[in-house]
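# Observations on chain architecture
The lines below spell out each chain.
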Amino acid sequence: MKESAREEILARLRQAPKMEIPARPVMPTPREALFDRDGLIARFTEELTRESGVVYRAADREEILDYLTEIARAESLTRIMMSTDDMIRSLDLPAWGERQGVSVSTAADYPDRESYTRAVFDETDAGVTGADFAVAETGTLVIAHGGNQPRLVSLAPVLHVAVVGIDRLVPIYEDALSVFYGGAGRIPPAHLTLVTGPSMTADIRATAFKGMHGPRRVIVILAG
Amino acid sequence: MKIDTGNFVRNAKLEMQNQYARTFLSLLPPYIAARRVKVMGSFPDPAAAQELSRAIRAEAVARMPDLLEEFEKNAIAAGARVLWARNAAEANEMILSIARERNVTMVTKGKSMISEETGLNDALAREGIEPFETDLGEFIAQQLGRPPFHIVGPAINVPVEEVCDLFMKKAGMQEETTDPVELGYAARLFLRDKFRRARLGITGVNMAVADTGAIINVENEGNIRFNKSSPRTQVSVMSPEKVVPTTTDALHLLRVLCRNCTGQSISAYVSIDRGPREPAEIDGPEELFIIIVDNGRSRLYHDPKLREALRCIRCGACLNLCPVYAKIGGYPYGWAYSGPMGQVLNPALLGLEETGDLFKACTLCGTCREVCPAGIDHPAIFLHYRALEVKRKRRSSGRWEAILFGVWGTAAAHSAVWRFLYRLARPVLAVFGKKGKIEAMPGPFAGWFGARDLPVPARRTFRDQWRESLSKQGGAS
């Protein structure tokens, strides 16, 4: 039955009269394409700040950890879950956590999906993750999910801290997404997200509410 | 969803009595419309950006069968299962059997207009499977049993006191509050528990990318991301026209969609799925079903004029500028889609029989056409519907109407005839005038005056006065 529904729908569509495909206008070059590095940083920061995100610049690993210490203190963090991508692994957060009195876990620390889900929903104050790209255009993080980048770590906890190398800051979405969906090289990820600031809604009386389902706060540390 | 398009006039009159909704409508749509204009300005050339999105939508619809096959091939290659449903019943049955096979008794749902169309929530509930809408506005509308008031804010008109009562009764809220933020937080807690436990998550699809087999969802709340991360099975329901050729096209449409929808340059979240989760992933769906629901579209695809309706990207820009929507809100449109978008889509999908008032409740001002990023000519489609209806009906009064409009047409096209007939009509019209207005007329004209007034014709026409003053001047010089 399913097979025939497919054939029926496609056949009916194909029997319809053909229509002309209109010509496409030429689009001017996006402004961001002409920005230098400082311009990109400024745009990224301006855009994300407008969406109530926070952006820090850190020169090296030391400074990144200093910021994390500061955040942990300000937000009274005691339990962090981290992704295991190269950037985050390079920070050796478990050692940092030990010094700071913050427990740091990864998805791999849990014996099964159920206990991981419980932990990330209910027992985690913040998710700390890398991001594959930061896009200046709108202050957007591009995160390709996978074994080292669980989906819920940047979503379920009320605070999301992302650490992104400055070399991953690109002008527009296309610069980032063509790497994944360009056809050559990498296999596209099963799940990729563009994240711009915290979760939000204005569904009750058009009043803004940050942290509807996902994080209430998003902090991005641009590193390098 | 119950179809109530046949009661448009009654419901519109009712809604116009609703002062709360009226106040709301006088504030919100103009605000979103102004934001839209501002943020469209962030394109280097806003007009070109609009022209490009229109071209992409026109191409996507023109190439729809090919693109669908390409999309299907690539989605299957990525591990998704693609199912096709002719109509609402078939689509709902597919989802029900997926749920039954997995012993699911509760599902979480992201906003999906096609599932509003197919009445999925009712179908699930009838079979003892509890569906939870997880978009805050949809959640409220679902619990109240109401259609969406606005495509972006489905329950944005509901007073906070009513939301409070609702959440006390149905969302486990402990203490009464009318603070929108606290109400939102109560919903967060309630739905978070559902996300944690849900075995099956259902989402809609904003775009399906043919050359990668990926589906894209656009949202602000994060509920769709939860639906794609927590449950072990994901079902994403789409109508065929969601397909677009490439990721590059999708990204341009994304920019245009967000700007037109909420006046944002980008929504908080955009998620792109290509197949179910990878083996190494600890969360995400182990299986991904994509259901393509035709529900009448392949049929209307044969009418070149109606086919244009399939370009719609559900942004809602037309609602915010429509003078009719601004007075009556979303309820009177009686189904999944409201505003000019609903006036185009509801008759196309439900037929003209029960939707006749929808395509007539329009002044043909053309603002919707002007703003539409998908390039839909709404007024032309309304005229097309009206013509189809006249052709179909051939009522007994149709003959007199035809004669009357024939005379009217001739008069309007020939100034001498117009002047002559108007000279005859003026004294007659004047008889019915009260306080400078004609509010009612007897006989065949009663209907027309039922909802319209005419000013009483002046005793002397402008033309007469003009001629007189010219001759006076001429005499003086």
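Residues numbered from 1 in each chain as written. Chains lettered and ligands numbered in written order. Predicted model: local features only at pLDDT ≥ 70, side-chain atom pairs only at ≥ 80, totals over all residues.

## With respect to the overall build of chain A
Looking only at helices and strands, chain A features 7 helices and 12 strands. Dimensions of chain A along its principal axes, counting C-alpha atoms only, are 70 × 50 × 45 Å. Sequence separation of at least 24 residues holds for 74% of the intrachain contacts in chain A that already meet a minimum separation of 6. (Helix = DSSP H or I, 4+ residues; strand = E, 2+ residues; numbered from the N terminus. Contact = placed C-beta atoms within 7 Å.)

## Quick word on the overall build of chain B
When you go through chain B residue by residue, the secondary structure sums to 23 helices and 12 strands. Projected onto the principal axes, the alpha-carbon positions of chain B cover approximately 95 × 55 × 50 Å. Relative to its 477 residues, chain B shows a buried fraction of 50%. A separation of at least 24 residues holds for 72% of the contacts in chain B among residues at least 6 apart in sequence. (Buried ≥ 20, exposed ≤ 12 C-beta atoms within 10 Å, placed from the backbone.)

## Let's talk about the domain arrangement of chain B
Along its sequence, chain B is organised into domain 1 (58–298) and domain 2 (413–476). Distance between the C-alpha centres of domain 1 of chain B and domain 2 of chain B: 57 Å. (Domains from an automatic or database assignment.)

## Examining the nonpolar core
General note: in soluble globular proteins, nonpolar side chains tend to be found buried as a group. Formed by 190 residues in total, the largest nonpolar core has its most connected members in Ala134 and Val220 of chain A together with Ile290 and Ile291 of chain B. For this core, the element with the most residues is helix 12 (residues 247–261) of chain B, which contributes 8 residues. Not counting the four nearest positions on each side in its chain, Val220 of chain A is found in contact with Leu48, Gly53, Val55, Ala134, Leu141, Ala162 and Val164 of chain A. (Core = buried A, V, L, I, M, F, W, Y, C linked by C-beta atoms within 7 Å.)

## Focus: the pairing of strand 4 (residues 126–130) of chain A
All names here are of chain A. Extensive coverage of strand 4 is indicated by the burial of 5 of its 5 residues. Every second residue of strand 4 is oriented toward a common face, with Ala126, Val128 and Gly130 on one face and Gly127 and Thr129 on the other, all of them buried. Two strands pair when backbone bridges link them, and strand 2 (residues 79–82) and strand 4 are joined in this way by 3 bridges, in the parallel orientation. From the neighbouring strand, Met81 faces strand 4, where its bridge partner is Gly127. For strand 4 and strand 7 (residues 159–165), the ladder comprises 5 bridges, and the chain directions are parallel. In the sheet register, Thr129 faces strand 7, and the bridge partner there is Ala162. (Pairing = 2+ DSSP bridges.)

## A closer look at the interface of chain B and chain A
Residue-level contacts link 74 residues of chain B with 60 residues of chain A. Looking at the side of chain B that touches chain A, its residues break down into 36 nonpolar, 17 polar and 21 charged. Strand direction decides the pairing type here: strand 9 (residues 191–195) of chain A and strand 9 (residues 269–273) of chain B, joined by 5 bridges, are antiparallel. Residue pairing across strands places Val195 of chain A opposite Tyr269 of chain B, the latter belonging to strand 9 of chain B. (Nonpolar A, V, L, I, M, F, W, Y, C, P; charged D, E, K, R; others polar.)

## Concerning the sheet that holds strand 12 (residues 217–223) of chain A
Residue and element names in this part refer to chain A. Taking strand neighbours across the sheet as the criterion, the 6 strands line up as 1-12-7-4-2-3 in an open arrangement whose pairing is parallel. At either margin of the open sheet sits one strand with a lone partner, and together these are strand 1 (54–58) and strand 3 (103–105). Across the sheet, the mean angle separating the axes of adjacent strands is 20 degrees when strand polarity is ignored. Lying over the sheet, helix 5 (residues 93–100) contacts strand 2, strand 3 and strand 4, oriented at roughly 160 degrees with respect to strand 3. (Axes fitted to C-alpha atoms, helices over the stretch in contact; angles between N-to-C directions.)

## What about the packing of helix 8 (residues 136–144) of chain B against helix 9 (residues 160–170) of chain B?
All names here are of chain B. At a minimum axis separation of 11 Å, helix 8 and helix 9 run at an interaxial angle of 75 degrees. Between helix 8 and helix 9, the interaxial angle falls into the category roughly perpendicular. Side by side, helix 8 and helix 9 meet where Ile140, Gln143 and Leu144 of the first sit next to Val163, Leu166 and Lys170 of the second. Considered class by class, the residues forming the contact of helix 8 with helix 9 number 4 nonpolar, 1 polar and 1 charged. (Parallel < 35°, antiparallel > 145°, perpendicular 65-115°, else oblique.)

## What to know about the sheet that holds strand 8 (residues 169–170) of chain A
Reading across the sheet, the 8 strands line up as 8(A)-5(A)-6(A)-9(A)-9(B)-6(B)-5(B)-8(B) and stay open at both edges, with mixed pairing between neighbours. Looking along the sheet, the strands with just one partner apiece sit at the ends: strand 8 of chain A together with strand 8 (243–244) of chain B. Pairing of strand 6 (residues 140–144) of chain A with strand 9 of chain A, which is carried by 4 bridges, proceeds in the antiparallel orientation. In the strand pairing of strand 9 of chain A, Val142 of chain A is matched with Leu194 of chain A.

## Quick notes on helix 8 of chain B
Burial analysis of helix 8 of chain B places 7 of its 9 residues in the buried class, the great majority of the element. The set of residues buried in helix 8 of chain B consists of Leu136, Gly137, Glu138, Phe139, Ile140, Ala141 and Gln142 of chain B. Residues of helix 8 of chain B that are buried sit in contact with strand 10 (200–201) of chain A together with helix 7 (120–126), strand 3 (130–133), helix 9 and helix 10 (180–197) of chain B. Once helix 8 of chain B finishes, Gly145 of chain B follows within two positions and takes phi at roughly 70 degrees, a positive value.

## Observations regarding the environment of Ala280 of chain B
With respect to the helices, strands and loops of the structure, Ala280 of chain B is situated in the loop between strand 9 and strand 10 (287–293). You can call Ala280 of chain B exposed: it has 10 C-beta atoms within 10 Å. The contacts of Ala280 of chain B, once residues within four sequence positions are left out, are Gly146 and Gly147 of chain A.

## Overview of unusual backbone geometry
Residues and elements named next belong to chain B. Residue Leu364 is not a glycine yet carries a positive backbone phi of 60 degrees. Its location among the elements puts Leu364 in the loop between helix 17 (339–350) and helix 18 (367–371). Residue Lys435 is not a glycine yet carries a positive backbone phi of 50 degrees. Structurally, Lys435 is set in the loop between helix 21 (415–431) and strand 11 (437–438).

## Considerations on the confidence of the model for chain B
Residue-level pLDDT values for chain B average 94, and 98% of them are 70 or greater. Overall fold confidence (pTM) sits at 0.93, and the ipTM for the predicted complex is 0.97. (pLDDT = per-residue confidence, 0-100.)

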